[in-house]
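Report on the structure
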Amino acid sequence: MEALSLERVANTGETLELVWADGLVQHITWSDLRRKCPCAVCQVEREKPTPVEPLKPASLLAVIDRAETLPIKPTSFRAVGNYAYAISFSDGHSSGIYSLSTLRQIGN
Ligand SMILES: [Zn+2]
């Protein structure tokens, strides 16, 4: 299998645009990237069974942290060697290192 390589990486605002050397173009939303963060902490989080939310009175539902309602944006995006990108997000999370194969998978 040929090694993956990117021709172009761009932030379109809502999405990360990836133009692969083999001609494939992918758009991945930043929130999707954040949800699929490959770091160890997020992997453990994802593997936990989804807790059943107890029913809350309507008044409590209105209290949502403002940060949670904002769309996730990247605050930094940098290459790590030739094979991965480190992405920091507006929610403060910055330990995700996305290898090219991970990006390719998320985009599929
Ligand atoms: Zn993470």
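Computed from a predicted model, the values in this text were never measured in an experiment.

Considerations on the nonpolar core
Counting 18 residues, the largest nonpolar core has Leu-18, Trp-30, Leu-33, Phe-89, Tyr-98 and Leu-103 as its most contacted members. Breaking this core down by element, the ones donating at least two residues are strand E2 (15–20), helix H1 (30–35), strand E5 (84–89) and helix H5 (100–107).

Topic: the pattern of salt bridges
Summed over all chains, the structure comprises seven salt bridges. Among the salt bridges present, the one from Asp-91 reaches Arg-34, with a minimum N-O distance of 2.7 Å. Taken together, the positions of Asp-91 in the loop between E5 and strand E6 (96–99) and Arg-34 in helix H1 put the pair 57 residues apart, joining distant regions of the chain. A single salt-bridge network, built from bridges that share partners, covers Asp-32, Arg-35 and Lys-36.

Re the coordination of the zinc ion
Here the zinc ion is held by Cys-37 (SG), Cys-39 (SG), Cys-42 (SG) and His-93 (NE2), and the distances to it run 2.0 to 2.3 Å. The coordination sphere of the zinc ion comprises four donor atoms, whose angles at the metal cover 102 to 114 degrees; the geometry is tetrahedral. Each donor residue of the zinc ion belongs to the same chain, and together they define the spacing C-x1-C-x2-C-x50-H. Taken together, the residues span a long stretch of sequence, with Cys-42 in helix H2 (residues 40–47) and His-93 in the loop between E5 and E6 at a distance of 51 residues. A relative accessible area of 14% means that His-93 is categorised as buried.

Examining the sheet that holds strand E4 (residues 74–80)
Sheet architecture is open: three strands sit in the order E4-E5-E6, paired in antiparallel fashion. Across the chains shown, the open sheet's two edge strands, defined by having one partner strand only, are E4 and E6. Here the strands of the sheet are splayed against their neighbours by 25 degrees on average, with no regard to which way each runs. Sheet topology places E5 next to E6; four bridges connect them, and they run antiparallel. Residue Tyr-85 lies in a different strand from E6, and its bridge partner there is Tyr-98.

Topic: the sheet that holds E2
Pairing within the open sheet is antiparallel, and its three strands lie in the order E1-E2-E3. For this open sheet the edge positions go to strand E1 (6–11) and strand E3 (25–29), each flanked by a neighbour on one side alone. For this sheet, the mean inter-axis angle between neighbouring strands, taken without regard to orientation, is 15 degrees. One ladder, built from five bridges, connects E1 with E2; its direction is antiparallel. Considered in E2, the bridge of Val-9 is made with Leu-18.

Focus on the packing of aromatic side chains
For any two aromatic rings, the description comes down to two numbers: the centre-to-centre distance and the angle of the planes. Going through the model one piece at a time under the given rule, you end up with two aromatic pairs. Consider the rings of Trp-30 and Phe-77, whose centres lie 6.1 Å apart with planes at 80 degrees: the pair is edge-to-face. Note that Trp-30 is positioned in helix H1 and Phe-77 in strand E4, a separation of 47 residues in sequence. A relative accessible area of 1% means that Trp-30 is categorised as buried. Summarising the aromatic geometry, the rings of Phe-77 and Tyr-85 are spaced 4.9 Å apart at their centres and angled 20 degrees between planes, so their arrangement reads as stacked. The lysine or arginine in question, Arg-104, covers the ring of Trp-20, its NZ or CZ lying 5.1 Å from the ring centre.

What counts as what
- Residue indices follow the written sequence of each chain, beginning from 1 at its first position.
- Given that this is a predicted model, residues contribute local features only at a pLDDT of at least 70 and side-chain atom pairs are listed and counted only at 80 or more, while totals for whole chains, interfaces and linings are drawn from all residues.
- For the side-chain quantities, the full set of heavy atoms in the structure was used; hydrogens and water were omitted.
- In this description, a nonpolar core means a group of buried Ala, Val, Leu, Ile, Met, Phe, Trp, Tyr and Cys residues linked to one another through side-chain atoms lying within 4.5 Å.
- Only protein chains enter the calculation, and the probe is 1.4 Å; a residue is then buried if its accessible area is under 20% of its type maximum, exposed if over 50%, and partly exposed in between.
- Starting at the N terminus, helices and strands are each numbered in turn, a helix being any DSSP run of H or I of at least four residues and a strand any DSSP run of E of at least two.
- Any Lys or Arg side-chain nitrogen found within 4 Å of a carboxyl oxygen on Asp or Glu counts as a salt bridge.
- The donor definition counts N, O and S atoms within 2.8 Å of each metal and applies 3.2 Å to Na, K and Ca; water is not among these atoms, so some sites may look incomplete.
- Donor angles set the geometry label: tetrahedral for four donors if every angle is between 85 and 135 degrees, square planar for four and octahedral for six if opposite donors exceed 155 degrees and the others are between 65 and 115, irregular for anything else.
- Only strands that DSSP links by at least two bridges are regarded as paired with each other.
- Working convention: axes come from line fits to C-alpha atoms, limited for helices to the stretch in contact. Angles between N-to-C directions cover 0 to 180 degrees.
- Two rings from Phe, Tyr or Trp (for Trp, the six-membered ring) form a pair when their centres sit within 6.5 Å of each other. Planes less than 30 degrees apart are called stacked, planes more than 60 degrees apart edge-to-face, and all others tilted.
- Put simply, a charge is over a ring when the Lys NZ or the Arg CZ is close to the ring centre, within 6 Å, and near the line of the ring normal, within 35 degrees.

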